[in-house]
Structures are given as structure tokens and as C-alpha cells.
Amino acid sequence: MVLSDRDIKAAVKAGIIGIDPYFEKDVQPASVDLHLDKKLLVFNNSNAPFIDLKKELPDLNSPVLIKDDEPFILHPGEFVLGSTLEKITIPSNMVARIEGKSSLGRLGLLIHSTAGFVDPGFDGNLTLELANVSRLPITLYYGMRIGQISFQQMLSEAERPYGSPELKSRYQGQIDPTESRVFKDFEKQISKKK
């Protein structure tokens, strides 16, 4: 069951869903608009000959701040990591989906490649995978509406919500855009072989 605007307002008011900062004007019929924070991670394409998924690449990204009224220019084919201004807290009996705004998608701005699903128990700011698939540069501004989040009630609570110690959830509590930690998948495989 997808939560309606009425359900979302009630869940936020009751503290079931956390959205901080929260403004009721951002509530849409079945979602809440989210905004772009000022910190981005820009890929340093010349720091590595390729991305080796088994290795941590600490110099792959550099932080950049969007100044209050100045745009960050996202060039065609460029990909950066961003973050929602809002901290999101999901209870263990709900999941959420983040999607782009239709008006931005019609200009060629994508906000996630594959990471649109938010697990039950997630707590933190959402990392955005911002890509420009148009042929013209696109301006990104701090605080602009960048996406929308919807919430779905599950039939029962998750046994091990995101952030449970045994899951070793990689992105729980993130505040800023967070680079990939896929290399940790291979650490698990290596330790199983021993």
C-alpha cells in the first residue's frame, strides 16, 4: 500500500516517518519533494586507469560545494554524487522509493541509476546519482527540488531492518554524498574462503 498525502502527513506528525527538515508544502498527492544539498562528489577520471570493484579507491572522488546562489554546471555525459538536504528515517515496516522530478527528467537530468529503493530501517541523507543525459549542460542549485520520495507499508516488520549489526549496512547514518563501498562485498567473499 502506497501512502497518500494524508497518510504521509499523519506518519510524519506521529514520528513514524522522519523527514528533517520537513515542510508540509513539499507533500504531493503520494510523495514528498526532496531538495539538493550543497555538497557534491565529482569523479576524478584521471586518478585511476579503471574502477576495480575489489579495491577501495579513496582518490576517485573530490568534494565540491555548491555556493548559495551560484550553479554547479553538470555537463553532458557527466556523473556526480549528490545528497538530499533532508535526513530520512524509515520505520522497519515500510520501504520508500526515491524518483526524479518529471520536469527535470524532461531536460535529461537523472537522479539515480539503480539506487531508488530505500530499505526499512534506513536513517540518513540519501545519496543521489546525478547524471546529465542531454546534449546541453544543466545547472544544479543548492536547495532546488531534485526528487520525490514515496512510502509503502509492508505486511509485517522486517526481521533485520537496514542498520542491523549483522547486516553491516554500509550507508546507515550517512550525511553527505557517500562513495561506493562495493569493495566490501569482496572482503566478505575472502573471509568466507578462509
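Read on for an overview of the structure.

Basis of the calculations
Residues numbered from 1 in each chain as written. Predicted model: local features only at pLDDT ≥ 70, side-chain atom pairs only at ≥ 80, totals over all residues. Heavy atoms only, no water. Helix = DSSP H or I, 4+ residues; strand = E, 2+ residues; numbered from the N terminus. Salt bridge = Lys/Arg side-chain N within 4 Å of Asp/Glu carboxyl O. Buried < 20%, exposed > 50% of the residue type's maximum accessible area, 1.4 Å probe, protein only. Contact = heavy atoms within 4.5 Å. Arc of directions from axis to C-beta. Phe/Tyr/Trp six-rings, centres within 6.5 Å; stacked < 30°, edge-to-face > 60°.

## Quick notes on the environment of Ile 16
Phase 1 of the analysis: Along the chain, Ile 16 turns up in the loop between α1 (5–13) and β1 (18–20).
Phase 2 of the analysis: Sequence-wise, Ile 16 and Arg 106 are 90 residues apart; in three dimensions their C-alpha atoms are separated by 33 Å.

## Some thoughts on the pattern of salt bridges
Where charged atoms from two side chains of opposite charge come close, those side chains can pair.
Phase 1 of the analysis: With the rule as written, the count across this model stands at ten salt bridges.
Phase 2 of the analysis: The salt bridge partner of Asp 176 is Lys 39, with a shortest N-O separation of 3.4 Å. Of the two residues, Asp 176 is situated in the loop between β12 (145–153) and α3 (183–193) and Lys 39 in strand β3 (residues 39–43); the sequence distance between them amounts to 137 residues.
Phase 3 of the analysis: Note on Lys 39: relative accessible area 25%, which makes it partly exposed.
Phase 4 of the analysis: Linking Lys 87 and Asp 123 is a salt bridge whose minimum nitrogen-to-oxygen distance equals 3.4 Å. Here Lys 87 is found in strand β6 (residues 79–89), whereas its partner Asp 123 is found in strand β10 (residues 123–132), with 36 residues between them in sequence.
Phase 5 of the analysis: Connected via shared salt-bridge partners are Asp 33, Lys 101 and Arg 145.

## So, the side chain of Ser 92
Phase 1 of the analysis: Turning to its location among the elements, Ser 92 is positioned in the loop between β6 and β7 (94–100).
Phase 2 of the analysis: The class of Ser 92 is buried, set by a relative accessible area of 18%.
Phase 3 of the analysis: Ser 92 has contacts with Pro 120, Gly 121, Met 154, Ser 156, Glu 157, Ala 158 and Pro 161, leaving out every residue within four places of it along the chain.

## Observations regarding α1
Phase 1 of the analysis: Those residues of α1 not exposed but buried are Ile 8, Ala 11 and Val 12. Projected down its long axis, α1 carries its buried residues within an arc of 100°, all on one side. Along α1, exposed side chains directed more than 90 degrees from the buried face belong to Arg 6 and Lys 13.
Phase 2 of the analysis: Where the residues of α1 are buried, they touch β1, β2 (32–35) and β12.
Phase 3 of the analysis: Once α1 finishes, Gly 15 follows within two positions and takes phi at roughly 80°, a positive value.

## Notes on the packing of aromatic side chains
Phase 1 of the analysis: A full pass over the atoms with the stated rule returns two aromatic pairs.
Phase 2 of the analysis: Measuring from ring centre to ring centre gives 5.5 Å for Phe 43 and Phe 79, while their planes differ by 50°; the resulting arrangement is tilted. Placement of Phe 43 in strand β3 and of Phe 79 in strand β6 is noted, with a sequence separation of 36 residues between them.
Phase 3 of the analysis: Taking the relative accessible area as the measure of exposure, Phe 43 reaches 23% and is therefore partly exposed.
Phase 4 of the analysis: According to the relative accessible area criterion, Phe 79 is partly exposed, its value standing at 29%.
Phase 5 of the analysis: Ring centres of Phe 122 and Tyr 162 lie 5.9 Å apart, and the angle between their planes is 45°; on these two criteria the pair is classed as tilted.

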